Amino acid sequence: MIAYQLSIFAENKPGRLAKVTSVLAREKINIRAITIASSDAFGVINILADDPEAARKALGDAGLTVSLKPVIAVVIPDKPGGLDKLIQLLAGQDINIENAYGFVLESWEKAVFVIEVDQIDKTQHVLKASKFETLDASALASIEPFHYMKY
Amino acid sequence: MYWDEDVEKIDRNELEKRQLQDLKASVKKASLSVFYKERFRKIDFDPDSIRSLEDINKIPFTTKDDLREYWPYGFLSVQKDDLVRMHSSSGTTGRATVIFHTRGDLEAWTDMVARSMYMTGMRKSDVFQNMMTYGLFTGGLGFHYGAEKIGALIIPAGAGNSKRQIQLMRDFETTVIHIIPSYALHLSEVFEEAGVDPRRDTKLSIAFLGAEPHSEKTRIKVEEFYGLKAYNSYGLSEMNGPGVAFECPFQQGMHIWEDNFLVELVDPRTLEPVAEGEEGELVLTTLRRQGMPILRYRTKDLTCIINGTCECGRTHRRIERITGRTDDMLIIKGVNIFPVQVEKKLMGIPGVGMNFLIILEREGYNDHMIVKVEVQKEFFSGDLKQLENLRRKITEELKSDILITPKVELVEPSSLPKSEGKAVRVIDNRKD
């Protein structure tokens, strides 16, 4: 399954991230994960949000340069070696990871590793064959209630 | 002391008499070209109707746009066979303006450059290191031939390669250099890094500073660091190149060679002559050029005419340092750049948004050009690599056109001042 990540073009200066978070806060959009990649005077803010389509519209309306980018959110066990198994699999298939980040779903149980890859179809196929669970936008949106139910 | 005493100290009345004679001939010569033939016909002007120097007012101004419109041969007053050289200006908006010379034109130009150099004290015993670009640019070859006419030993070093420049100066005991002022300042840092003191380790005595305007402060810096006398050189490719006006040993303005150029100074808005001593745009008419005479050329350079006689005895009037431009041309590292050139290049690159901004900065002795470019909203795919590729492409494209490497910064759409109306396209933060 494919998830969508928001990528926002921003100049590397104070206040740019604040603009993004203020729009998302106002629209009550929840952020699952966020990373920033910068190159000298400018950068890209990558956000995994619970409602990427609504977030894109809100950010775009606010004058930001935003695009939705397909990524793969892979569920991995939150334990030593959990990530390694996934990465070894992709490496063995000659799949290149362009960007990646992760977050924990349930401590010591589950984590999500989000990857941008050069061959998205092949990657999906490989993951499916190796029984890796992947999450799409709606699955990502519905994570939290389950999480809270544990308490 | 004088290269051509009779001409350099000519009586003003005698000079004006000769100017009138040459102006008549020049206007007639010009009327053979396609451009002036059409222009004269349009305004019903008879080339034989020049009776006084003031009659030049009957002829409209010639601009860079005219040169561009009648590119390449529309200004020729001779057959192509009679031409022996072409040159071109560094700053181009669209088509480069090209200037053609006959053998006689080159000889006259060379003589004026030799006269200029000789005036500052350069002699045949000197070793002249010409640190300017050779080629289409007039600064390199113009000075080269002038120095050769004086009989000096020339090191045609060309521009750049600082370490080799210093090595050449030391190995061959260079006494005279021709250099862009900003490069002279930059080179001083290379000297310091190398632990070479030009006052102690070289024989330098004269520098010609040309190709870009500079301040008195810069001159003093260059003179003090190198231990020499630095002379300001003014010229433009449309009027041959260097050797239009030059400083004498008294360094109080540049003598403009009025035996070759008819000088006017006009208010750039009204195009009327300015009052004595006031600043105006320099307008020049070639008096001797055969291949491509140009009448009343608007140089776009702002200056003042200094009245009164010079202590050196030369009667040719002097102009002040160029204080600015009446158009938006920028000069950086001796290269002329029009913002519209940058605009044209940028708008041809996919992914570039609506607006851009040029910022000129001085870091130490190095000038930098920063170009901020808006990214097109639709272009952005969320990929940093894509942006980096765009930045690289813009840098390369601009470099191929304006000849210097700008620092390109990508900015968000609609973050720069809008391009409509009189948009601020350039911020010049360079200070002495």
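Here is what the cut-offs are and how they apply
- Residues numbered from 1 in each chain as written.
- Chains lettered and ligands numbered in written order.
- Predicted model: local features only at pLDDT ≥ 70, side-chain atom pairs only at ≥ 80, totals over all residues.
- Heavy atoms only, no water.
- Pairing = 2+ DSSP bridges.
- Helix = DSSP H or I, 4+ residues; strand = E, 2+ residues; numbered from the N terminus.
- Buried < 20%, exposed > 50% of the residue type's maximum accessible area, 1.4 Å probe, protein only.
- 1 Å grid on protein atoms, 1.4 Å probe; cavity = no way out; pocket = protein on both sides within 12 Å on 5 of 7 lines; lining within 4 Å.
- Points joined across faces, edges and corners; volume = space filled by probe spheres on them.
- Nonpolar A, V, L, I, M, F, W, Y, C, P; charged D, E, K, R; others polar.
- Domains from an automatic or database assignment.
- Contact = heavy atoms within 4.5 Å.
- Buried area = accessible area lost by both parts, 1.4 Å probe.
- Salt bridge = Lys/Arg side-chain N within 4 Å of Asp/Glu carboxyl O.
- Polar contact = N/O pair within 3.5 Å; in protein donor to acceptor, adjacent residues only side chain to side chain.
- Core = buried A, V, L, I, M, F, W, Y, C linked by side-chain atoms within 4.5 Å.
- Axes fitted to C-alpha atoms, helices over the stretch in contact; angles between N-to-C directions.
- Parallel < 35°, antiparallel > 145°, perpendicular 65-115°, else oblique.

A.B. asks: Describe the sheet that holds strand 11 (residues 280-286) of chain B, listing the residues and the values that go with them.
C.D. replies: Residue and element names in this part refer to chain B. Taken in spatial order, the four strands line up as 10-11-12-15 in an open sheet, and their pairing is antiparallel. Of all the strands in the sheet, the pair left with one neighbour each is strand 10 (261-266) and strand 15 (324-325). Pairing of strand 10 with strand 11, which is carried by six bridges, proceeds in the antiparallel orientation. Bridging from a neighbouring strand, E264 pairs with V283 of strand 11.

A.B. asks: Go over the pairing of strand 4 (residues 65-77) of chain A, please, and point to the residues and values.
C.D. replies: When a strand is regular, its side chains alternate between the sheet's two faces. Residue and element names in this part refer to chain A. Most of strand 4 is tucked away, with 10 of its 13 residues classed as buried. The pairing of strand 1 (residues 3-11) with strand 4 spans seven bridges and is antiparallel. Along strand 4, the bridge assignment pairs Y4 with P70. Taken together, the six bridges between strand 4 and strand 6 (residues 110-117) define a ladder with antiparallel strand orientation. Opposite A73, over in strand 6, you have V114 as the bridge partner.

A.B. asks: Kindly report on the layout of surface pockets, identifying the contributing residues and their values.
C.D. replies: The method is simple in principle: a probe with the dimensions of a water molecule rolls over the atoms, and the space it marks as empty is what remains. Residues and elements named next belong to chain B. Each pocket or cavity is described by its volume, and for the largest pocket that value is around 840 Å³. As for the largest pocket, its lining consists of 36 residues, of which I180, K333, V335, L403 and I404 are closest to the centre. Among the elements of the structure, helix 8 (181-193), strand 18 (352-363) and strand 19 (366-375) are those that each provide at least two residues to the lining of the largest pocket. Looking at which element gives the most residues to the lining of the largest pocket, the answer is strand 19, with five residues. Here the residues of the lining of the largest pocket sort into 16 nonpolar, 14 polar and six charged. Both domain 1 (5-329) and domain 2 (338-428) contribute no fewer than three residues apiece to the lining of the largest pocket.

A.B. asks: Residue-level account of the domain arrangement of chain B, with values.
C.D. replies: All names here are of chain B. For chain B, the domain assignment lists domain 1 (5-329) and domain 2 (338-428). Computed from C-alpha atoms alone, the centre-to-centre distance between domain 1 and domain 2 is 33 Å. Domain 1 puts 15 residues into the contact, and the matching count from domain 2 is eight residues. A combined buried area of about 1,000 Å² lies between domain 1 and domain 2, and 61% of that area is made up of carbon and sulfur atoms. The tally of links between domain 1 and domain 2 comes to zero salt bridges. There are one residue pair in polar contact (both at pLDDT 80 or more) connecting domain 1 and domain 2. By residue number, the principal contributor to the side of domain 1 that touches domain 2 is helix 8, which donates five residues.

A.B. asks: Could you give me a rundown of the nonpolar core, with the residues and numbers involved?
C.D. replies: Counting residues in hydrophobic clusters, the biggest one holds 67 residues, and the most contacted among them are B:M117, B:F128, B:F208, B:Y234 and B:L284. With eight residues, helix 5 (residues 103-119) of chain B is the largest single contributor of residues to this core. Look past the residues within four positions of B:L284 in its chain and what remains in contact with it is B:L236, B:M239, B:V244, B:I256, B:F261, B:L262, B:V263, B:I294, B:L295, B:R296, B:Y297 and B:T299. A:F9, B:I349, B:L387 and B:L398 belong to the second largest nonpolar core, which has 28 residues in total.

A.B. asks: Requested: an account of the pattern of salt bridges, with residues and values cited.
C.D. replies: Think of it this way: side chains of opposite charge can pair up when their charged atoms draw near. Considering all chains together, one arrives at 42 salt bridges over all chains under this definition. The salt bridge involving A:R26 is made with A:E27; its shortest N-O contact spans 3.5 Å. Its relative accessible area of 55% is what places A:R26 among the exposed residues. A salt bridge links B:E409 to B:K407; its shortest N-O distance comes to 3.1 Å. Note on B:E409: relative accessible area 12%, which makes it buried. B:K407 gets classed as partly exposed once you look at its relative accessible area, which sits at 39%. In the salt-bridge network here, residues are joined through shared partners; they are A:D40, B:K372, B:R391, B:K407 and B:E409.

A.B. asks: Can you explain the sheet that holds strand 13 (residues 305-306) of chain B? Please cite residues and give values.
C.D. replies: Residue and element names in this part refer to chain B. Strand order in this open sheet of nine strands is 4-3-5-6-7-8-9-14-13, and the pairing throughout is mixed. The open sheet is flanked by strand 4 (153-155) and strand 13, the only strands paired with a single partner. Note: strand 3 (residues 127-130) against strand 5 (residues 176-179), three bridges, orientation parallel. Across the sheet, the residue bridging to F128 is V176, located in strand 5.

A.B. asks: Hey, could you go over the packing of helix 7 (residues 162-171) of chain B against helix 8 of chain B for me, with residue numbers and the actual values?
C.D. replies: Residue and element names in this part refer to chain B. For the pair helix 7 and helix 8, interaxial distance at closest approach is 10 Å and the crossing angle is 80°. Accordingly, the angle class assigned to the pair helix 7 and helix 8 is roughly perpendicular. Contacts between helix 7 and helix 8 involve S162, K163, Q165, I166 and M169 from the first element and Y183, H186, L187, V190 and F191 from the second. The class makeup of the residues in the contact of helix 7 with helix 8 is six nonpolar, three polar and one charged.

A.B. asks: Before we move on, could you go through the domain arrangement of chain A and cite the residues and values that matter?
C.D. replies: All names here are of chain A. Per the domain assignment, the segments of chain A are domain 1 (3-70) and domain 2 (71-149). Computed from C-alpha coordinates alone, the two centres of domain 1 and domain 2 are separated by 21 Å. In this assembly, 13 residues from domain 1 lie in contact with 14 residues from domain 2. Carbon and sulfur atoms supply 56% of the area that domain 1 and domain 2 bury against each other, a total of about 1,300 Å² over both sides. Joining domain 1 to domain 2, the criterion identifies one salt bridge. When the shortest N-O distance is used, the salt bridge between K69 and E116 registers 3.0 Å. Counting every contact that joins domain 1 to domain 2 gives five residue pairs in polar contact (both at pLDDT 80 or more). At the level of elements, strand 1, strand 2 (31-39), strand 3 (42-49) and strand 4 are the ones that each hand at least two residues to the side of domain 1 that touches domain 2. Looking at side-chain class alone, the side of domain 1 that touches domain 2 contains six nonpolar, four polar and three charged residues.

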